[in-house]
Amino acid sequence: MGTAERRGASRAGGAQLTGHQDVDAAERDISGGTVEPSRHETGVLHRGASRGAGEGRYHRPLWVEEPARRRRLPDPVRTAAVRAVLLIAVTLIQAMVAFLCTMAGSWLAFPMVISSVVSTIAATWGALDVWVTRQVWNQRNGVVSVPSSTARALRRERRRTRRQERAAERAQGRIRRRGGAGQLSHS
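Now for a description of the structure that goes with this document. (Residues numbered from 1 in each chain as written. Predicted model: local features only at pLDDT ≥ 70, side-chain atom pairs only at ≥ 80, totals over all residues. Heavy atoms only, no water.)

Observations concerning the packing of helix α3 (residues 75-104) against helix α4 (residues 109-141)
The condition that has to hold: The convention used is that axes are lines fitted to C-alpha atoms, helices contributing only their stretch in contact, and that angles between N-to-C directions extend from 0 to 180 degrees. Counting from the N terminus, the helices are DSSP H or I runs at least four residues long and the strands are E runs at least two residues long. Throughout this description, any angle smaller than 35 degrees is read as roughly parallel, any larger than 145 degrees as roughly antiparallel, any in the 65 to 115 degree range as roughly perpendicular, and the remainder as oblique. Less than a right angle of anticlockwise turn of the near helix away from the far helix marks a crossing as left-handed, whereas a clockwise turn marks it as right-handed. Basically, the charged four are Asp, Glu, Lys and Arg, the nonpolar ten are Ala, Val, Leu, Ile, Met, Phe, Trp, Tyr, Cys and Pro, and anything else, Gly included, counts as polar.
Put simply, α3 and α4 touch, their axes get as near as 8 Å, and they point 160° apart. The orientation of α3 relative to α4 falls into the category roughly antiparallel. The chirality of how α3 crosses α4 is left-handed. Taken together, the residues of the contact of α3 with α4 break down into 21 nonpolar, 9 polar and 3 charged.

Spelled out as structure tokens, the structure:
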């Protein structure tokens, strides 16, 4: 970052740009022509109270919101993932303590080795729990798009039931509009 970028390169109209600029913007600024801020230079041009009418200062926002690259995990899957991460972290700490106790020749080495074996089994269960929970959630909520999806069959059944209910309501409405109270004929 050059001195001009650090101190704020002078812009056309007296505007000052402070903060980081991309290399292209710095090169365009040297040319002396009127240049608009590039797409990398985000922020708002503010007017300074103590400066002249044509001068202002450029302030960059603290951060720029970017859209998420992936969707958020469903709640049950996220809960299982947090549980698995905690179990794995505890297992790694126990394994490290067991190793250090073994190296030091402490009496605590044997109990720590046993507990880290048990903790390894629990951490493996936690990781499998994340996988199983994710598969179950996908199957129930129809994310998996295969013909054997349980969710697809359930949706099909619900649609069929709703259609039958609507047909029955329409038939009852027709009977009521005709004024028939359950008559089979008009004789």
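Quick notes on helix α5 (residues 150-178)
Stated precisely, the cut-off is as follows: Each helix should span, by expectation, one fewer than its residue count multiplied by 1.5 Å.
The end-to-end C-alpha distance of α5 is 43 Å, a good match for the 42 Å that 29 residues give at a rise of 1.5 Å each. Note on α5: the residue one or two positions beyond its end, glycine 179, has a positive phi of about 85°.

Digging into the pattern of salt bridges
The line we're drawing: By definition here, a salt bridge exists when the distance from a side-chain nitrogen of Lys or Arg to a carboxyl oxygen of Asp or Glu is within 4 Å. Summary of the burial criterion: residues with accessible area below 20% of their type's maximum are buried, those above 50% are exposed, and those between are partly exposed, where the area comes from a 1.4 Å probe applied to protein chains only.
Evaluated as defined, the whole model comprises 3 salt bridges. Between arginine 78 and aspartate 75 there is a salt bridge, with the nearest N and O atoms lying 2.4 Å from each other. Taken together, the positions of arginine 78 and aspartate 75, both in helix α3 and 3 residues apart, correspond to about one turn of that helix. Owing to a relative accessible area of 25%, arginine 78 belongs among the partly exposed residues under this scheme.

Thoughts on the packing of α4 against α5
Convention followed: For this analysis, residues touch if any pair of their heavy atoms sits within 4.5 Å.
Contact geometry for α4 and α5: axes closest at 5 Å, N-to-C directions at 25°. The angle between the axes of α4 and α5 places the two elements in the roughly parallel class. Residues Gln139, Arg140 and Asn141 of α4 form the contact with α5, whose own contacting residues are Thr150, Ala151 and Arg155. Residues of the contact of α4 with α5, tallied by class, amount to 1 nonpolar, 3 polar and 2 charged.

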